[in-house]
Amino acid sequence: MFIGHYGPALAAKAFAKTVPLWVLFVAAQWVDFLWATFVILGVEKVRLIANFFGMSPLDLFYMPYTHGLPSAVLLSLFIGGVAAAALPGNRTAILVAVAATAFSHWLLDLVVHRPDLPLIFDEMKVGFGLWAYPYVSVPVEIALMFGGLWLYDRAAPSPTRAGTIALWALGVFMAALQVQNTFFNEHPATPEGFAQLSLFGYVLLTLFAAGVDYARKEKAPRRRAEAL
Ligand SMILES: [Zn+2]
């Protein structure tokens, strides 16, 4: 799953309003940030085969450190703990929001992946395989993302008009990216190339989320020159 992972991140923002959206965007792809890094380092392995599964070229045959169930739980608690220690606000709420967002990654991957997610070590692999039907999985991902976005915008409306526009523009951009990425993308030829492109995408969307955070900040009223 790609854009659908941002659904829980956006929804979490409705419940933990003090956590910046960009932090939740990192959390949503936290295990994939590590996955891409590990693929580049050769620690985890993937084969690229055109239309291997539905329209996905990914044969994810070895990723126990990031996408194994026990590792996903530990990694989610870890990033939740780091966020709770680093950010101001209710620490329990931050821990729960960030860890839950991070763990939702594994649950959503479970829905779309073929059985390549190990329950323990590199064994007992599971995956419900929705990616076999891209004309179903893509609308599901986009709906998840917009669902989270709508929850966020409703629970914590932007004090500025620019903030509302920025959030919805990011949603439209992400939906377009999902369509382009699934149906029109020439995938990179090598696993390293694929991992680098993934990292680039995650970093770019995180920066855009930081832009949305900025646009939705309460602006201090402008000082007027005092009239006589
Ligand atoms: Zn993943």
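Up top is the structure.
Note that this is a predicted model, so its numbers are computed, not measured. (Residues numbered from 1 in each chain as written. Predicted model: local features only at pLDDT ≥ 70, side-chain atom pairs only at ≥ 80, totals over all residues.)

A. Region of the structure containing the overall build of the chain. Along the backbone of the chain there are 9 helices and 4 strands. Seen in sequence order, the chain has helices and strands lined up from the N terminus as α-α-α-β-β-α-α-α-β-β-α-α-α. The C-alpha atoms of the chain give 19 Å as radius of gyration, which agrees with the globular expectation for 228 residues (17 Å, within 12%). Seen along its three principal axes, the alpha-carbon backbone of the chain occupies a region of about 75 × 35 × 30 Å. (Helix = DSSP H or I, 4+ residues; strand = E, 2+ residues; numbered from the N terminus. Rg over C-alpha atoms; globule rule 2.2 N^0.38 Å.)

B. Focus on the nonpolar core. Core analysis: the biggest nonpolar cluster contains 59 residues, and Leu-24, Phe-25, Ala-27 and Val-98 have the highest contact counts within it. For this core, the secondary structure elements donating two or more residues are α1 (6-15), α2 (21-28), α3 (30-41), α5 (69-86), α6 (91-112), α7 (134-155), α8 (161-183) and α9 (191-215). Sorting elements by how many residues they give to this core places α6 first, with 10 residues. If sequence neighbours within four positions are ignored, Leu-24 has contacts with Ala-9, Ala-12, Lys-13, Val-19, Val-98 and Thr-101. (Core = buried A, V, L, I, M, F, W, Y, C linked by C-beta atoms within 7 Å. Buried ≥ 20, exposed ≤ 12 C-beta atoms within 10 Å, placed from the backbone. Contact = placed C-beta atoms within 7 Å.)

C. Up close: α9. Under the 1.5 Å per step criterion, the end-to-end length of α9 is 36 Å for 25 residues, consistent within 8% with the ideal 36 Å. Buried residues in α9 make contact with α2, α3, β1 (45-53) and α8. (Expected span 1.5 Å × (residues − 1).)

D. Spotlight on the pairing of β1. The pairing of β1 with strand β2 (residues 56-62) spans 4 bridges and is antiparallel. Along β2, the bridge assignment pairs Lys-45 with Tyr-62. Connecting β1 to the antiparallel partner β2 that follows it, the hairpin turn spans 2 residues, and Gly-54 within it adopts a positive phi of roughly 60°. (Pairing = 2+ DSSP bridges.)

E. Representation of unusual backbone geometry. A positive phi angle is found at Phe-121, which is not glycine, with a value near 45°. Mapped onto the elements, Phe-121 comes out in the loop between β3 (117-120) and β4 (123-126). Although it is not a glycine, Met-124 sits at a positive phi angle of roughly 50°. Along the chain, Met-124 turns up in strand β4.

F. Geometry of the packing of α1 against α6. At a minimum axis distance of 9 Å, the contact between α1 and α6 shows a crossing angle of 165°. Accordingly, the angle class assigned to the pair α1 and α6 is roughly antiparallel. The element α1 and its partner α6 pack so that their crossing is right-handed. Across the interface between the two elements, Pro-8, Ala-9, Ala-12 and Phe-15 from α1 touch Ala-97, Ala-100, Thr-101 and Ser-104 from α6. (Axes fitted to C-alpha atoms, helices over the stretch in contact; angles between N-to-C directions. Parallel < 35°, antiparallel > 145°, perpendicular 65-115°, else oblique. Left-handed = near helix turned anticlockwise from the far one by under 90°.)

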